[in-house]
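# Survey of secondary and tertiary structure
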Amino acid sequence: MDRVPVVVRQLTGADHGRWDAFVRGCPDATFFHLSAWQGIIREIFRHRTFFLYAERAGDIIAVLPLAEVNSRLFGHALTSLPFCVYGGPAGDPEGIALVEAEAETLARRLRVQHLELRNLTPRHEEWPRQDLYVTFRKEIQADDDANLLAIPRKQRAMVRKGIRHGLTSRVEPDVERFFSLYADNVLRHGTPALPKAFFARLMKDFGPDCEVLTVSDADGNALSSVLSFYFRDEVLPYYAGDAVMARDVAANDFKYWELMRRAAARGCRLFDFGRSKIGTGPFSFKKNWGFEPQPLSYEYRLYRRDSVPQNNPMNPKYRAFIALWRRLPIRVANAIGPHIVRNLG
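Remember, it's a predicted structure, so these values are computed and weren't measured experimentally. (Residues numbered from 1 in each chain as written. Predicted model: local features only at pLDDT ≥ 70, side-chain atom pairs only at ≥ 80, totals over all residues. Heavy atoms only, no water.)

### Remarks on the sheet that holds strand β8 (residues 133-139)
Within the open sheet, the 7 strands sit side by side as β9-β10-β11-β12-β13-β8-β14. Their pairing is mixed. A strand with exactly one partner marks an edge of an open sheet, and here the two such strands are β9 (168-171) and β14 (293-295). Here the average twist between neighbouring strands, direction ignored, is 30 degrees. Bridge count for β8 against strand β13 (residues 270-277) is 7 bridges, and the pairing is antiparallel. (Pairing = 2+ DSSP bridges. Helix = DSSP H or I, 4+ residues; strand = E, 2+ residues; numbered from the N terminus. Axes fitted to C-alpha atoms, helices over the stretch in contact; angles between N-to-C directions.)

### Re the packing of helix α2 (residues 36-44) against helix α7 (residues 196-206)
For the pair α2 and α7, the least separation of the axes is 11 Å and the interaxial angle reads 155 degrees. The orientation of α2 with respect to α7, classified from their angle, is roughly antiparallel. When the axes of α2 and α7 are compared, the crossing they make is right-handed. Counted together, Ala36, Trp37, Gly39, Ile40, Glu43 and Ile44 of α2 and Ala197, Phe198, Arg201, Leu202, Asp205 and Phe206 of α7 form the full contact between these two elements. When grouped by side-chain class, the residues that make up the contact of α2 with α7 number 8 nonpolar, 1 polar and 3 charged. (Parallel < 35°, antiparallel > 145°, perpendicular 65-115°, else oblique. Left-handed = near helix turned anticlockwise from the far one by under 90°. Contact = heavy atoms within 4.5 Å. Nonpolar A, V, L, I, M, F, W, Y, C, P; charged D, E, K, R; others polar.)

### Some points on helix α5 (residues 153-164)
Each turn of an α-helix holds 3.6 residues, which means side chains three or four residues apart point in the same direction. In this model, α5 (12 residues) spans 16 Å end to end at C-alpha, consistent with the 16 Å of a helix rising 1.5 Å per residue. Taken together, the buried positions of α5 are Gln155, Arg156, Val159 and Gly162. Buried residues of α5, viewed axially, fall in a sector of 110 degrees; they line one side. Away from its buried face, by an angle of more than 90 degrees, α5 presents the exposed residues Arg153, Lys154 and Arg164. Structurally, α5 contributes buried residues whose contacts are with α4 (144-150), α8 (251-265) and α9 (281-288). Taken from the residues just after α5, glycine 166 is the one with a positive phi, measuring 75 degrees. (Expected span 1.5 Å × (residues − 1). Buried < 20%, exposed > 50% of the residue type's maximum accessible area, 1.4 Å probe, protein only. Arc of directions from axis to C-beta.)

### Overview of the nonpolar core
Counting 54 residues, the largest nonpolar core has Trp37, Phe199, Leu202 and Tyr239 as its most contacted members. Setting aside chain neighbours within four positions, we find phenylalanine 199 in contact with Val175, Phe178, Phe179, Tyr182, Leu194, Leu227 and Tyr239. Of all hydrophobic cores here, the second largest spans 23 residues; its members include Val235, Leu259, Phe285 and Trp289. (Core = buried A, V, L, I, M, F, W, Y, C linked by side-chain atoms within 4.5 Å.)

### Some remarks on the state of the cysteines
Summed over the entire model, instances satisfying the criterion amount to 0 disulfides. Cysteine cysteine 210 remains unbridged, with the sulfur of cysteine 84 as its closest cysteine sulfur at 12 Å. A relative accessible area of 4% means that cysteine 210 is categorised as buried. Here cysteine 268 stays unpaired: no disulfide links it, and the sulfur of cysteine 210, its closest cysteine neighbor, is 14 Å away. (Disulfide = S-S within 2.5 Å.)

### Considering unusual backbone geometry
Note: most residues except glycine have negative phi, and most peptide bonds are trans. A cis amide bond links serine 80 with the next residue in sequence, leucine 81, at an omega value of 15 degrees. For leucine 81, the location among the structural elements is in the loop between β4 (75-80) and β5 (90-91). Here the phi dihedral of alanine 57 falls at roughly 50 degrees; this positive angle occurs in a residue that is not glycine. Topologically, alanine 57 is positioned in the loop between β2 (48-56) and β3 (59-71). For arginine 111, which is not a glycine, the phi torsion comes out positive at approximately 60 degrees. Within the secondary structure, arginine 111 sits in the loop between α3 (93-110) and β6 (114-119).

In short, shape yes, function no, at least from these values alone.
Here it is in structure tokens:
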């Protein structure tokens with residue numbers, strides 16, 4: 001009997017349901033493989049997308065979402081997937097081999113400088129790799145007391161400090177309070193903010209799987225906020241912002257405890273603290289919460305460049321830009337920032 005051939009196709013609107021059904025059932029797939037990212041990246045950031053899938057006898061067996069980012073400042077790349085911490089190929093080994101081969105063909109046709117696959121685990125030991133990033137993922141329990149005791153003593157004391165200060169949390173109906181805290185926070189760190197329209201689109205497209213949680217003081221003043229994703233039994237705090245005075249009352253620690261507590265009640269059993277750069281404050285913060293870093297395998301095929309790109313704030317050549325950006329009025333930064341950050345991803 002002849003073997004049924006596997007074919008590679010590009011995602012269209014008619015296939016979104018099949019694509020997402022596969023992603024939700026594939027153990028290697030993540031929230032960042034969902035089809036809604038195609039419209040978000042294409043319409044908010046104006047990047048061309050190429051969401052590839054391998055199909056056998058009408059069944060999807062592998063997926064690989066890709067987007068082309070072409071910038072005079074930051075280079076020309078085909079990435080899986082910009083603005084996402086994961087997004088490399090997922091599925092059956094035969095299907096993965098075929099979508100990867102199609103991605104390489106596409107990269108050469110587009111004449112990009114490199115192809116980037118953002119994998120959770122290594123796939124191609126011989127490919128150049130970005131060693132800057134790690135992720136933090138840890139199981140959580142259904143019981144609040146067990147989760148609190150799993151937090152190391154020093155950080156547990158910070159959570160209790162927030163409780164003593166009368167902090168409260170609430171799920172927001174929109175991104176307004178979140179964006180104010182987020183934009184101010186990234187400006188203080190010297191980096192451009194993503195557009196408010198992006199966050200509003202995330203909430204619209206992902207519905208109950210995208211949620212904003214904000215912590216306020218006893219007078220109702222917003223101190224700290226986080227936008228999180230939910231996928232299967234995982235919660236992924238992804239974007240966050242804090243007011244300057246948040247540190248005085250441990251609002252940041254209280255925020256993540258409230259998120260963990262609420263997520264556990266929702267049925268989540270894995271807390272994904274997200275990507276951080278090695279040696280940074282967020283890296284240390286997550287370790288202090290008892291999470292162990294897991295190296296991310298960002299793998300590259302280099303075509304028109306000799307080394308892995310370093311488009312990140314750790315690159316010394318961006319120090320002057322960061323210092324200048326910190327001095328901008330926030331209204332100016334929020335107006336200019338989206339035009340810059342769309343090409344970073």
